[in-house]
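# Structure at a glance
Letter by letter, the chains look like this.
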Amino acid sequence: MDTPNLNECYLYFALTGHGFDPDAVSATLNLAPTRAVYEGSSTGMGGRILGHSSWQYGTPVLRGDDVFRLNEIADELIAALLPVQDKIAELIKAHQLETYLMVVLTVSTDERDSTPAIGFSPQVISFCHAVGASIEFDIYQGQADEEEEADYRTDNPPRVLH
């Protein structure tokens, strides 16, 4: 039996800063975030209070062959933000926000698994430049245990993206 490729990733665009309301960002952009973090809220982990707010728009966790389409997935993500690019730039300036495109990648430690190439189209780079966003990577090494590996195909049907 072939073992599944255990690489996975997700991408998100984020606006972060102090003294802004993520709900107001959603209203201004007419776009629901995939995650919003509110300054002053508790993380639930030891009761730590967050010192910043964050508005994030991103993908679900991608597995299997989708991981090898990082550049296409980034294009799809940014395509949804292009119509509101000017509003994003205005929000960044008005609230002195930091912004970035984050790639969170878990790379399998199984040497039989291929690893994805990472690249971005001129459209993604142009968008990031226009709004002053950095491109950041959060990369982990990981390998599922035997039980997870056996259940992988059952628990993770292929995802169809646009």
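A brief report on the enclosed structure follows.

Calculation notes
Residues numbered from 1 in each chain as written. Predicted model: local features only at pLDDT ≥ 70, side-chain atom pairs only at ≥ 80, totals over all residues. Heavy atoms only, no water. Helix = DSSP H or I, 4+ residues; strand = E, 2+ residues; numbered from the N terminus. Buried < 20%, exposed > 50% of the residue type's maximum accessible area, 1.4 Å probe, protein only. Contact = heavy atoms within 4.5 Å. Areas by Shrake-Rupley, 256 points an atom, 1.4 Å probe, with all protein chains shown as cover. Polar contact = N/O pair within 3.5 Å; in protein donor to acceptor, adjacent residues only side chain to side chain. Salt bridge = Lys/Arg side-chain N within 4 Å of Asp/Glu carboxyl O. Arc of directions from axis to C-beta. Patch = residues over 30% accessible without salt bridge, like charges linked within 9 Å, V, L, I, M, F, W, Y side chains within 5 Å.

Let us now look at the overall build of the chain. For the chain, the count of helices and strands is five helices and six strands. If you list the helices and strands of the chain from N to C, you get β-α-β-β-β-α-α-β-α-β-α. Per-residue burial for the chain yields a buried fraction of 41% across its 162 residues. Taking the intrachain contacts of the chain between residues at least 6 apart in sequence as the baseline, contacts between residues at least 24 apart amount to 78%. Here the chain displays about 9,400 Å² of accessible surface, and carbon together with sulfur accounts for 49% of that area.

By secondary structure assignment, the location of Thr99 is in strand β5 (residues 98–108). For Thr99, the side chain forms a polar contact with the main-chain oxygen of Ala14, separated by 3.0 Å. Those residues within four positions of Thr99 in sequence are excluded, and the remaining contacts are Phe13, Ala14, Leu15, Ile92, Val131, Gly132, Ala133 and Ser134.

Below, the discussion takes up the pattern of salt bridges. Overall, the coordinates contain three salt bridges when judged by the stated rule. One salt bridge connects Arg63 with Glu8, and the closest N-O pair in it is separated by 3.0 Å. Of this pair, Arg63 sits in strand β4 (residues 62–63) while Glu8 is found in strand β1 (residues 8–17), placing the two residues 55 residues apart along the sequence. Measuring nitrogen to oxygen at the nearest pair gives 3.0 Å for the salt bridge that ties Arg69 to Glu72. Several salt bridges converge on common partners, so that one network encompasses Arg69, Glu72 and Glu76.

With that settled, consider helix α3 (residues 85–95). When α3 is considered as a whole, its buried residues turn out to be Gln85, Ile88, Leu91 and Ile92. Down the axis of α3, the buried side of the element spans an arc of 120°, and every buried residue falls inside it. Opposite the buried face of α3, at more than 90 degrees from it, the exposed residues are Asp86, Glu90, Lys93 and Ala94. Here the buried face of α3 lies against β1, α1 (22–29), α2 (70–81), β5 and α4 (122–131). Two residues or fewer after α3 comes Gln96, characterised by a positive phi angle close to 50°.

Among the surface-exposed residues, Ile118, Ile125, Ile135, Phe137 and Ile139 lie close enough to one another that they form a single nonpolar patch of about 410 Å² accessible area. The dominant element in the nonpolar patch, judged by the number of residues it contributes, is strand β6 (residues 134–142), at three residues. With respect to the helices and strands, the residue Ile135 is situated in strand β6. Overall, Ile135 belongs to the partly exposed group, its relative accessible area being 30%.

Read these as layout, nothing more, since geometry by itself doesn't imply function.
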